[in-house]
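This is what each chain is made of:
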Amino acid sequence: MALLKRYRNIFKKYFELPREDKVLLGESWAELLRSIIVLGTPWRSREFLRGGDESYDGRRDREIRHIEDILGFAASHHIKSITCLESSLALRNILRKRGINLTLEIGVNRDEA
């Protein structure tokens, strides 16, 4: 019964979204699935060879945050538990489709100061 209530709330949130956000949610869900599949193949290294645009000026930050929020909702309701790498890769690919080429940096920043 609790499961039914949970999914009823999810569908309620979905139907309250504007049409553009519903499309973005579907795209996010599919891109997350693509990231899961690609990272499980021998071709995964190709995903990280694509560089980004280092000259991003921050004018589209609001749009990026909105896409990130929708992607987060899709990730929290996906068929698999989504890792931060899968989510980051999906976000980068969605932004790239919208003309925002950012670099995905992976690793730990160890400040030696």
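Residues numbered from 1 in each chain as written. Predicted model: local features only at pLDDT ≥ 70, side-chain atom pairs only at ≥ 80, totals over all residues. Heavy atoms only, no water.

**Q** Describe the pattern of salt bridges, naming the residues involved and giving the relevant values.
**A** Counted according to the given criterion, the structure contains seven salt bridges. Arg 34 is paired through a salt bridge with Glu 31; the nearest N and O atoms lie 3.3 Å apart. Placement of the pair is Arg 34 and Glu 31 together in helix H2 (residues 19–39), with a separation of three residues, close to one helical turn. Residue Glu 31 is classed as buried on the basis of its relative accessible area of 5%. Of the charged contacts, one joins Glu 31 and Lys 97 as a salt bridge, the two residues approaching to 3.1 Å between their closest N and O atoms. Of this pair, Glu 31 sits in helix H2 while Lys 97 sits in helix H4 (residues 84–97), and the two are 66 residues apart along the sequence. Several salt bridges converge on common partners, so that one network encompasses Glu 27, Glu 31, Arg 34, Lys 97 and Arg 98. (Salt bridge = Lys/Arg side-chain N within 4 Å of Asp/Glu carboxyl O. Helix = DSSP H or I, 4+ residues; strand = E, 2+ residues; numbered from the N terminus. Buried < 20%, exposed > 50% of the residue type's maximum accessible area, 1.4 Å probe, protein only.)

**Q** Can you break down the packing of H2 against helix H3 (residues 61–76) residue by residue, with the values?
**A** Close contact between H2 and H3 brings their axes to 9 Å; oriented N to C, the two are set at 60°. Taken together, H2 and H3 sit at an angle that is classed as oblique. Crossing geometry of H2 relative to H3 is assigned as right-handed. Here Asp 21, Leu 24, Leu 25, Ser 28, Trp 29 and Leu 32 of H2 lie close against H3, whose contacting residues are His 66, Ile 67, Ile 70, Leu 71, Phe 73, Ala 74 and Ala 75. By residue class, the composition of the contact of H2 with H3 is ten nonpolar, two polar and one charged. (Axes fitted to C-alpha atoms, helices over the stretch in contact; angles between N-to-C directions. Parallel < 35°, antiparallel > 145°, perpendicular 65-115°, else oblique. Left-handed = near helix turned anticlockwise from the far one by under 90°. Contact = heavy atoms within 4.5 Å. Nonpolar A, V, L, I, M, F, W, Y, C, P; charged D, E, K, R; others polar.)

**Q** Explain the environment of Arg 92 to me, using residue names and the numbers behind them.
**A** By the secondary structure assignment, Arg 92 is in helix H4. Separated by 3.3 Å, the side chains of Arg 92 and Asn 93 make a polar contact. (Polar contact = N/O pair within 3.5 Å; in protein donor to acceptor, adjacent residues only side chain to side chain.)

**Q** Account for the confidence of the model for the protein chain, naming residues and giving values.
**A** Across the protein chain, the average pLDDT comes to 82, with 84% of residues at 70 or higher. Between the elements of the protein chain, mean pLDDT differs from a low of 74, seen in helix H1 (residues 2–16), to a high of 91, seen in H3. (pLDDT = per-residue confidence, 0-100.)

**Q** Describe H3, naming the residues involved and giving the relevant values.
**A** Between the first and last C-alpha of H3 there are 22 Å, a value that for 16 residues agrees with the 22 Å anticipated at 1.5 Å per step. For H3, the full list of buried residues reads Ile 64, Ile 67, Ile 70, Leu 71, Ala 74 and Ala 75. Summarising the axial view, the buried residues of H3 lie within an arc of 140°, below the 170-degree limit, and thus occupy one face. Opposite the buried face of H3, by more than 90 degrees, sit the exposed residues Arg 62, Arg 65 and Asp 69. Next to the buried residues of H3 lie H2 and H4. (Expected span 1.5 Å × (residues − 1). Arc of directions from axis to C-beta.)

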